[in-house]
Every structure is written in structure tokens, then in C-alpha cells.
Amino acid sequence: MAADDSRTDVADARVAPRGAPPAASVARFEAALPRVLADIEALVRCESPSADLAAVARSADLVAAMGAGYLAAEPERIVLDGRVHLRWRLGDGPRRVLVLGHHDTVWPIGSLATHPFGIEDGVLRGPGCFDMKAGVVMAFHAVAALGPAAGGADGVTVLITGDEELGSPSSRALIEEEARGCVAALVLEASADGGALKTERKGVSLYEVAVRGRAAHAGLEPHLGVNASVEAAHQILAVAALGDAAAGTTVTPTLLAAGTTSNTVPAQGLFAVDVRVRDAAEQDRVDRAMRALRPVLPGAEVEVSGGPNRPPLPGAASRDLFARAARLADGLGIGPLASVAVGGASDGNFTAGVGTPTLDGLGAVGGGAHADHEHVGTAELPRRTALLTALLRDLLAQSRDAHDEEDDACD
């Protein structure tokens, strides 16, 4: 759903687009496009499904080497629960800007055989290209382009994680720690349709509902059993009724399993629930209702596990950053920018959740995330990378000025 224009598309008069580079910076990245495409190809060809620790480690090695080449620094390798995350803290700027991405994908090993890398008629294809290996490459090129002048990339942190597609179970605390105190978090997830930036994301809760009954012969003594499938059906209807379309809340029963054989009253059942909400109050309401589920059939038992996975990313967390980006895009000759609210979540939910202004969807323009038609439009790569560079430069300049003013006040 599109974001309210009055909250996202109108530039805030307090945001000054100072230091924005000329439109010629787009031409710089157009000249660098062959190298950008080669870097994306290298990452895409290094398959990195989240659940495969060895594959994620190989991908981390490649990302680390690529990033070290552009950022002139080796990353910190942070291994949590066997997963490799990479962090570059550049300089010692007192107010930092976080550039956030991930190198894992949903595509299993062997996907290149059925979805080969290729570029044809300005469209780049390959597993994970859009979500979000192109964004990782863009981050390296943009930060490298800041150069040494006026402090360059001093104050930038680049964090590339390896488990986002699983819900960031090991990296969440790392992301939140890194985001706290930053002036902004810029998330290199792919854009929405048409290149729109993502200024709102729904929060996510994930549950499993386990149902226990009692087995019996389905033909001889069904009355002696407690049917876990029937109990699960009651619970699924109750769970689905928790959604609220007016509030933008979806509560969706998904994966379902029950029973052992076709002639046995099922003794066990399990179903998963996906919840998406716009605000924390709705997330709390649904959580309370899920935990209040009680069995309907005599003798049945119901157990609920799981809970909130990501807080919502509200429009207020992105409003000023979007206004700044929109002005810079106009200065680069690549505006106007659009913004949207989306139901999907990202690690930007975590950065916004700790109070850091967050702008998401700054990565590639294309489509088909997680789908057979995943693709990136190559013509937009230079423009989006130029925008990211301009936004970083502008935020860093403002942070340095604020720090200087504080120093002057203390003298």
C-alpha cells in the first residue's frame, strides 16, 4: 500500500540538501557500470542459501575480499551461531551512519543451473541478484566514492549480515547495537515497484500452534480418540479471525501438518501463523490473543510458541530521510522519488525499533524477489548508487557540523 503523501512525499523545510554532488556524479557511476555488473555477477555466482553454513561462509569470504578492495580496510568477521557477519567501521566519526545489507539468499545450492546468471536487453538475472546482492555491491561503490575529501567515509559503518532471510536470529542484537546512536540507517534492500523507497514496513510475528489429541482406530473406535486435526481446524478459524483489514493487520495460518496414517485418529497436529502489523499496539493485541488460545474439544491440548519477530518500521522513522533523499535526487536529475509502505519486513525494522531514523529500499530497481523472474534493471544501478553516495555525503556533513557546534559550545 502506498504511503500517505502528506507524510512521506513532502520535503521537510528543516532538511537542507547541502553538499549534494552535481548530476555529473551519475555519469561517474555509468562509467563504472561494467565493474559494478562484474561484482554483482561474482556475488550471484557464489550461492549463499541462509541455511547452509558452509555456503554462507564462502559468500562471506568473497564479500569480505570485495569490500576490502573498495573500502581499503578489512572487515571484522563476527561469527554468531555459526553464521558469518561482516562489519566495517570507517574512521572514528562521533556520529555514525549505518549502511546495512545482507549476503544470504533464499535460493538453494544448484539454483544457478535452473536460474543462470545473465544480462540481456538491460536486465540482469540470477538467484539473489535483486534481494540483495546488487545492493551489497552498490554499498561498496557508494562508500568508496566518498573519497578522502572533507573526511570522506569517516563515520560510516557498513554491516553485511548472513541470516536476514531466516529472520536474523543471530544478527538482530548486532544490528540493534550498531544502530543505536547512529544519525541514520540506510538499508540496501531492493526498491519497491518502479524504484520507490520503502518508508514503512509492517512488523512481523511468527507462531507455531501445537495441538495434542489422542489416537484411536478411525474405523473401529473413532469415538475413543481426540482428533487433533479437528482441534487444529477450530484453532485455525480462531486465529484467522484475529486479522483486522481496517488496521492493516493480517493473521495468516500457513504450514499445516497432522496425523500419521489415513486410518488413525490424529494424535498430533501443528500449524504455523504469520502475522503482519502496522503498529506495536496491534502486535501486542495479536500476541495476547494467540497466547490466550484454549482447546475446544474435550481432552485436547493446545500449546503456542513463538512471538514478535520484528517491530514495525513506522513512517515517522523515515519521513525526514525520505525528504532529504527526494531533494538530493532532484539535484542529481533523477527525481522525483516515490515512497511506499510494504508488508514485508527487513533488518530496517530493527534499526527503526531502537529509535534510529531509517530509510529502506535504497538498493536495486527491478523485481521478482524470491521468485523465478527475479531481476535487476541495469540502467538504474548508476542512478541509485549516485543517490546513495549523495545521501551519505549529506548526512556525514551535517553530523560533522553538529559535532563542531557542540565543540564550540564547550570551549
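Let us look at the structure shown here. (Residues numbered from 1 in each chain as written. Predicted model: local features only at pLDDT ≥ 70, side-chain atom pairs only at ≥ 80, totals over all residues. Heavy atoms only, no water.)

In this section: the overall build of the protein chain. Along the backbone of the protein chain there are 12 helices and 16 strands. For 411 residues, the compact-globule estimate of 2.2 N^0.38 gives 22 Å, and the C-alpha radius of gyration of the protein chain, at 24 Å, lies within 12% of that figure. Principal axes of the C-alpha set define a box for the protein chain whose edges measure 85 × 50 × 40 Å. For the protein chain, the proportion of contacts with a sequence separation of at least 24, taken over those separated by at least 6, is 80%. In the form shown here, the protein chain has an accessible surface area of approximately 17000 Å², with 55% of it arising from carbon and sulfur atoms. Separation between the mean location of the 36 positive side-chain charges and that of the 54 negative ones in the protein chain comes to 1 Å. (Helix = DSSP H or I, 4+ residues; strand = E, 2+ residues; numbered from the N terminus. Rg over C-alpha atoms; globule rule 2.2 N^0.38 Å. Contact = heavy atoms within 4.5 Å. Areas by Shrake-Rupley, 256 points an atom, 1.4 Å probe, with all protein chains shown as cover. Lys, Arg positive; Asp, Glu negative; His and termini not counted. Charge placed at Lys NZ, Arg CZ, Asp CG, Glu CD.)

Another aspect to go through is the packing of aromatic side chains. Where two aromatic rings form a pair, the distance of their centres and the angle of their planes describe that pair. Applying the stated criterion across every chain, the model contains 1 aromatic pair. Their ring planes at 75° and their centres at 5.4 Å tell us that Trp88 and Phe140 sit as a pair that is edge-to-face. Here Trp88 is found in strand β2 (residues 83–89), whereas its partner Phe140 is found in helix α6 (residues 129–145), with 52 residues between them in sequence. Here the two residues Trp88 and Phe140 agree in accessibility, since each one is buried. The positively charged end of Arg28 is found above the aromatic ring belonging to Phe29, 5.8 Å away from the centroid. (Phe/Tyr/Trp six-rings, centres within 6.5 Å; stacked < 30°, edge-to-face > 60°. Buried < 20%, exposed > 50% of the residue type's maximum accessible area, 1.4 Å probe, protein only. Lys NZ or Arg CZ within 6 Å of the ring centre and 35° of its normal.)

Close approach of charged atoms allows side chains of opposite charge to pair. Applying the stated criterion to the full structure yields 16 salt bridges. Glu176 is the salt-bridge partner of Arg172, the closest N and O atoms lying 2.9 Å from each other. Taken as a pair, Arg172 and Glu176 lie in helix α7 (residues 172–179) at a separation of 4 residues, close to a single helical turn. Judged by its relative accessible area of 14%, Glu176 is buried. Notably, a salt bridge pairs Glu301 with Arg212, separated by 3.2 Å at the nearest N-O pair. Here the residue Glu301 occupies a position in strand β12 (residues 301–310), and Arg212 occupies one in strand β9 (residues 203–212), the gap between them amounting to 89 residues. Residue Glu301 is classed as partly exposed on the basis of its relative accessible area of 42%. Residue class for Arg212 comes out partly exposed when judged on its relative accessible area of 28%. Three or more residues joined by partner-sharing salt bridges are found here, namely Glu76, Arg87, Arg89 and Glu178. (Salt bridge = Lys/Arg side-chain N within 4 Å of Asp/Glu carboxyl O.)

As a further point, take the sheet that holds strand β15 (residues 366–367). Pairing is antiparallel across the open sheet formed by 4 strands, whose spatial order is β4-β5-β16-β15. Two strands lie at the open edges of the sheet, namely β4 (118–120) and β15, each paired on one side alone. In this fold α6 packs onto β5 (123–125), β15 and β16 (375–377), with an angle of close to 50° to the strand it touches most, β16. (Pairing = 2+ DSSP bridges. Axes fitted to C-alpha atoms, helices over the stretch in contact; angles between N-to-C directions.)

Our focus in this paragraph is the sheet that holds strand β7 (residues 184–187). If you walk across this open sheet you meet the 6 strands as β1-β2-β6-β3-β7-β14, and the pairing is mixed. At either end of the open sheet lies a strand with only one pairing partner, and these are β1 (76–80) and β14 (358–359). Here β2 runs beside strand β6 (residues 156–161); their pairing, made up of 4 bridges, is antiparallel. The residue bridging Trp88 from the neighbouring strand is Val158, located in β6. With respect to the sheet, helix α4 (residues 53–71) is in contact with β1, β2 and β6, its orientation differing from that of β2 by roughly 15°.

Our focus in this paragraph is the packing of helix α3 (residues 33–45) against α4. Geometry of a packed helix pair, given as the angle between the helix axes and the separation of the axes. Closest axis-to-axis distance for the α3/α4 pair is 10 Å, and the angle between their directions is 160°. In terms of orientation, α3 and α4 fall into the roughly antiparallel class. Note that α3 runs across α4; the crossing there is left-handed. Packed against α3, whose contacting residues are Arg35, Asp39, Ala42 and Leu43, the element α4 presents Leu62, Val63, Met66 and Tyr70 at the interface. (Parallel < 35°, antiparallel > 145°, perpendicular 65-115°, else oblique. Left-handed = near helix turned anticlockwise from the far one by under 90°.)

Position of Glu189 relative to the elements: it lies in the loop between β7 and β8 (197–201). In this structure, Glu189 is buried with no salt-bridge partner, the nearest side chain bearing the opposite charge being Arg201 at 5.1 Å. Within polar-contact distance, the side chain of Glu189 engages the side chain of His102 at 3.2 Å. The residues contacting Glu189, other than those within four sequence positions of it, are His102, Asp131, Met132, Glu164, Arg201, Ser346, Asp360, Gly361, Leu362 and Gly363. (Polar contact = N/O pair within 3.5 Å; in protein donor to acceptor, adjacent residues only side chain to side chain.)

For an α-helix, the turn length of 3.6 residues means that residues three or four places apart are oriented alike. When the terminal C-alpha atoms of helix α9 (residues 280–291) are compared, their 17 Å separation across 12 residues agrees well with the 16 Å that a helix rising 1.5 Å per residue should span. For α9, the full list of buried residues reads Glu282, Gln283, Val286, Asp287 and Met290. Summarising the axial view, the buried residues of α9 lie within an arc of 135°, below the 170-degree limit, and thus occupy one face. Along α9, exposed side chains directed more than 90 degrees from the buried face belong to Ala281 and Arg288. Its side-chain oxygen at 3.1 Å from the backbone nitrogen of Ala281, Asp279 defines the N-terminal cap of α9. (Expected span 1.5 Å × (residues − 1). Arc of directions from axis to C-beta.)

Looking now at helix α10 (residues 319–332). For α10, with 14 residues, the first-to-last C-alpha span of 20 Å sits near the 20 Å given by 1.5 Å per residue. Every buried residue of α10 is listed here: Leu321, Phe322, Ala323, Arg324, Ala325, Ala326, Leu328, Ala329 and Leu332. At the exit of α10 stands Gly333, carrying a positive phi of roughly 80°.

A few words on the environment of Gly126. Note on placement: Gly126 falls in the loop between β5 and α6. Given the relative accessible area of 7%, Gly126 is considered buried. Taking the C-alpha atoms as reference, Gly126 lies 23 Å from Ser168; in sequence the two are 42 residues apart.

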